[in-house]
Amino acid sequence: MASTSSSIVFDDIFTTDAIDKDGKKFDRVSRLYARSKNYDMDLTLDYNIELFPLANGDSFAMALASSLSRDGGAPTADGEDGEDKDRDVWRPDGKGRRGLEEDYDYVMYGKVYKFDTGSSDVVTAYASFGGLLLSITGSYRHLTNVVLGDPVYVLLRK
């Protein structure tokens, strides 16, 4: 897992088990089903296949982050709040500070909208990224930093 000073709230390596197992509904969007290697988490994720092509059996790294700032948005030495500085982490003109997005191939921004507690210590967190959905299921110990109602970035790389 990530350190306390990082903005990454969850990260692991996943291997795709299936893609569009219920049938393809959209031209450029697929739904992948994957299992993590380290934490035994199950992932379901909608993603753009033109921007991030995957096949069954492919492995990829996935991280969930509260911001793209590398320092976690903590207050700086001059007393300035890290949240204000976080506004310029990513800019389309490339002039912003370099953040976590530089280390990943595919990034989406969304919100955690639901958190289900299942049997014993198994929980499921749900997030929406402009209609593209994510659900991640596993031990609550690995999802303690994922908070209902908080904005979240999903970052993927092969």
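Definitions and limits used
Residues numbered from 1 in each chain as written. Predicted model: local features only at pLDDT ≥ 70, side-chain atom pairs only at ≥ 80, totals over all residues. Heavy atoms only, no water. Salt bridge = Lys/Arg side-chain N within 4 Å of Asp/Glu carboxyl O. Helix = DSSP H or I, 4+ residues; strand = E, 2+ residues; numbered from the N terminus. Core = buried A, V, L, I, M, F, W, Y, C linked by side-chain atoms within 4.5 Å. Buried < 20%, exposed > 50% of the residue type's maximum accessible area, 1.4 Å probe, protein only. Contact = heavy atoms within 4.5 Å.

1. A few points about the pattern of salt bridges
Proximity of charged atoms lets side chains of opposite charge pair with each other.
Phase 1: In total, this model carries 8 salt bridges according to the counting rule given.
Phase 2: One salt bridge in this structure joins Arg 31 and Asp 46, with 2.6 Å as the shortest N-O distance. Residue Arg 31 is located in strand S2 (residues 29-36), and its partner Asp 46 is located in strand S3 (residues 42-48); the two are separated by 15 residues in the primary sequence.
Phase 3: In this structure, a network of salt bridges that share partners links the residues Arg 35, Asp 40 and Asp 42.

2. A word on the nonpolar core
Phase 1: Formed by 29 residues in total, the largest nonpolar core has its most connected members in Phe 14, Leu 43, Phe 60, Met 62, Leu 64, Leu 134 and Ile 136.
Phase 2: Of all the secondary structure elements, the ones that give two or more residues to this core are strand S1 (8-19), S2, S3, strand S4 (59-65), strand S5 (106-117), strand S6 (122-129), strand S7 (132-139) and strand S8 (151-157).
Phase 3: In terms of residue count, S6 provides more of this core than any other element does, 4 residues in total.
Phase 4: Not counting residues up to four positions away in its chain, the partners in contact with Phe 14 are Ala 34, Arg 35, Ser 36, Met 41, Leu 43, Asp 58, Ser 59, Phe 60, Met 62 and Ile 136.
Phase 5: Counting residues in each nonpolar core, the second largest holds 8 residues, with Ile 8, Ala 65, Tyr 104 and Leu 155 among its members.

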